[in-house]
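Per-entry structural report
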Amino acid sequence: MILVDSTIVSVATPALMDAFDASINEVMWVTSSYLLAYAVPLLITGRLGDRVGPRPVYLVGLTVFTLASLWCGLTGDLGLGIGALITARAVQGLGASMMTPQTMAVITRTFPAERRGSAMALWGATAGVATLVGPLLGGVLIDGLGWEWIFFVNVPVGVLGLLLAVRLVPRLETHAHRFDLVGVVLSAVGLFCLVFGIQEGQNYDWGAITGFVSVPLLIITGAVLMVAFVVWQAVTRGEPLVPLRLFGDRNFSMANIAITATGFTVVAMIFPVMIWAQGVRGLSPTMAALLLAPSSVMSFALAPLAGRLTDRVHPRLLVGGGTLALAVGLVMMSRAMTPDAPLWHVLAAQFVLGLASPFIWGPLSTAATRNLPPQRAGAGAGVYNTTRQIGSVLGSAAISVLMEARLAARLGGAPGAPAPGTGEGMTGGAQMPPLVAEQFSRALSESMFLPAAVILVGLLAALFFELPRHMAEQRQGRQGRRHERGRHART
């Protein structure tokens, strides 16, 4: 439910533009506000789960998320503006931030290292499938019931989840922790300044926002505050929000880099595809979302295999192969985004993306947590999910800026062209002049090269993974037994 809501709005972009008379950048903030409010508190909610237990934090978060979903859906019926929906989505993100670290911490603290791969593979497969199912579910709901139902659908699921969680989520041992409030403020303000500057820079022509605040100033301020946050974590005498010793484990460090690139890529790649499918090919939201179906099916089908391999195969091979396949699939998708290419080209690209997904999500989460001691499970889960969400926030912001820039460069006020940053001509069934459709497609297909390039950072990080400790111990044991048998044979 959390991750479906990270991508479900992408297919509703044209509908929300029409419903609220909003620009594409304003609608992008419906996703960005959710991702930002999701990312910023993850560090402290992970620690909170260690202190008071994952179960109560999870239950409170699920309650907040469910009520905020109801609020999101009611903004249309109450005649409220896009700002009200953005605010409701931020509250929804806050609820999500309370739940996510607890799920990962429970798995880390329940399963021993040698069996954790299969459990994390299911957790990762759920994440991978959910981010792809979001647009499909959104398309069905928008066509059948209206955009409000992409939020209302969470209410019965949330109520059922709450009842099941009360009964099934285990009570685990708690650990005493103090909260680094200075670190929380530095990270929250720094991240907000960075994302707001990147997201809104195009609207303000990368210049002044008010008399004394400008886009470059916001970005520089955000960067400085994030550097100050890292320095503070290193020098504070109390208990830091992010124990930097976690990064002493190479696999944890590399997994965080790779999951940041993955979060960026998964969020960024969906927006151009959905706008192209509806705006150029004239598909309905449901039909546009069905183009992603091969990815979801393949991700779910391969999850058990990925789980078995995660406990037996070097993560370098699994994650490296998965990220490379993801980059190849994105290039294929870019080449298929033309006004008249056969749609099976798109389906073939999505098939490759589905092959890649299960060998990224599960193996990465396992590599990040495999060596963590129980008392740091919450902190480690908070850091891992924070870096993933930071990647998602930046992906949403960056693809928005790039799409607007490429549309402006390709169309440039051509007759019959939709104005960049508006919803004109982007709804299902829209008819564009052939020349405009060609240039519109090229602008969006060129945008796909950004996530394709970013996921290669994940590939580079995967090359530095070490053999997990339990695998190294098993290998040493096998070598020792072979050596002992050889010695007896010679004797």
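Scroll up to find the structure.
Scope of this entry: the structure provided in the associated data block. (Residues numbered from 1 in each chain as written. Predicted model: local features only at pLDDT ≥ 70, side-chain atom pairs only at ≥ 80, totals over all residues. Heavy atoms only, no water.)

**So, the overall build of the protein chain**
- Scanning the protein chain from N- to C-terminus turns up 21 helices and zero strands.
- Long-range pairs, those at least 24 residues apart, make up 84% of the contacts in the protein chain between residues at least 6 apart in sequence. (Helix = DSSP H or I, 4+ residues; strand = E, 2+ residues; numbered from the N terminus. Contact = heavy atoms within 4.5 Å.)

**Quick notes on the nonpolar core**
- Of all hydrophobic cores here, the largest spans 116 residues; its most connected members are Leu16, Leu85 and Leu364.
- Leaving out residues up to four positions away in the same chain, Leu85 has contacts with Leu16, Phe20, Val30, Cys72, Thr75, Trp147 and Phe151.
- Counting five residues, the second-largest nonpolar core is a separate cluster that includes Met298, Leu302, Leu318 and Phe359. (Core = buried A, V, L, I, M, F, W, Y, C linked by side-chain atoms within 4.5 Å. Buried < 20%, exposed > 50% of the residue type's maximum accessible area, 1.4 Å probe, protein only.)

**Here's the deal with a nonpolar patch on the surface**
- Together, Leu70, Trp71, Leu74, Leu78 and Leu80 line one region of the surface with nonpolar side chains, adding up to about 420 Å² of accessible area.
- Position of Leu78 relative to the elements: it lies in the loop between α5 (54-77) and α6 (82-110).
- Since its relative accessible area comes to 58%, Leu78 is described here as exposed. (Patch = residues over 30% accessible without salt bridge, like charges linked within 9 Å, V, L, I, M, F, W, Y side chains within 5 Å. Areas by Shrake-Rupley, 256 points an atom, 1.4 Å probe, with all protein chains shown as cover. Salt bridge = Lys/Arg side-chain N within 4 Å of Asp/Glu carboxyl O.)

**Points about the packing of aromatic side chains**
- Taken as a whole and judged by the stated rule, the model has five aromatic pairs.
- Between Phe20 and Trp147, the aromatic rings sit 5.3 Å apart at their centres with planes inclined by 55°, giving tilted as the arrangement. With Phe20 in helix α2 (residues 13-20) and Trp147 in the loop between α7 (116-144) and α8 (149-152), this pair connects stretches of sequence that are 127 residues apart. Comparing Phe20 with Trp147 shows no difference in burial state: the two are buried.
- Taking 5.2 Å as the distance between ring centres and 75° as the angle between the ring planes, the aromatic pair formed by Trp149 and Phe152 counts as edge-to-face. Separated by three residues within a single helix, Trp149 and Phe152 lie in helix α8, roughly one turn from each other. (Phe/Tyr/Trp six-rings, centres within 6.5 Å; stacked < 30°, edge-to-face > 60°.)

**A closer look at the pattern of salt bridges**
- Inspection of every chain in the model, using the stated rule, returns four salt bridges.
- For Arg410, the salt bridge is made with Glu446, and the minimal N-O distance between the two is 2.4 Å. Placement of the pair is Arg410 in helix α18 (residues 377-411) and Glu446 in helix α19 (residues 434-447), with a sequence separation of 36 residues.
- Beyond isolated ion pairs, a larger network of salt bridges with shared partners links Arg406, Arg410 and Glu446.

**Things to note about unusual backbone geometry**
- Positive phi outside glycine occurs at Asp21, with the angle close to 50°.
- The topology assignment puts Asp21 in the loop between α2 and α3 (24-39).

**Considering the packing of helix α4 (residues 42-52) against α5**
- Interaxial distance between α4 and α5 falls to 6 Å at its minimum, and their mutual angle equals 130°. Taken as axis vectors, α4 and α5 run oblique relative to one another. Listed contacts from α5 to Thr45, Leu48, Gly49 and Val52 of α4 are Pro54, Pro56 and Val57. (Axes fitted to C-alpha atoms, helices over the stretch in contact; angles between N-to-C directions. Parallel < 35°, antiparallel > 145°, perpendicular 65-115°, else oblique.)

**Considerations on the environment of Val27**
- Tracing the sequence through the fold places Val27 in helix α3.
- Along the sequence, Val27 and Val9 sit 18 residues apart, while their C-alpha atoms lie 8.7 Å from each other.
- Ignoring any residue separated from it by four or fewer positions in sequence, one finds Val27 in contact with Thr13, Leu16, Met17 and Ala22.

**Observations concerning helix α12 (residues 250-279)**
- Counted at 1.5 Å a residue, the expected span for α12 with its 30 residues is 44 Å, and the 45 Å between its end C-alpha atoms agrees.
- By the criterion of burial, α12 is predominantly enclosed, with 27 of the 30 residues buried. (Expected span 1.5 Å × (residues − 1).)

**Here we look at the packing of helix α15 (residues 315-336) against helix α20 (residues 449-462)**
- Viewed as axis vectors pointing N to C, α15 and α20 meet at an angle of 170°, and their least axial separation amounts to 9 Å. The angle between α15 and α20 falls in the class roughly antiparallel. The segment α15 lies against α20, with Arg316, Val319, Gly320, Thr323, Leu324, Leu326, Ala327, Leu330, Val331 and Ser334 engaging Phe449, Pro451, Ala452, Ile455, Leu456, Gly458, Leu459 and Ala462.
- Grouping the constituent residues of the contact of α15 with α20 by class yields 13 nonpolar, four polar and one charged. (Nonpolar A, V, L, I, M, F, W, Y, C, P; charged D, E, K, R; others polar.)

**Structural notes on the environment of Phe271**
- With respect to the helices and strands, Phe271 occurs in helix α12.
- Spatially, the C-alpha atoms of Phe271 and Val9 are 9.3 Å apart, while their sequence positions differ by 262 residues.

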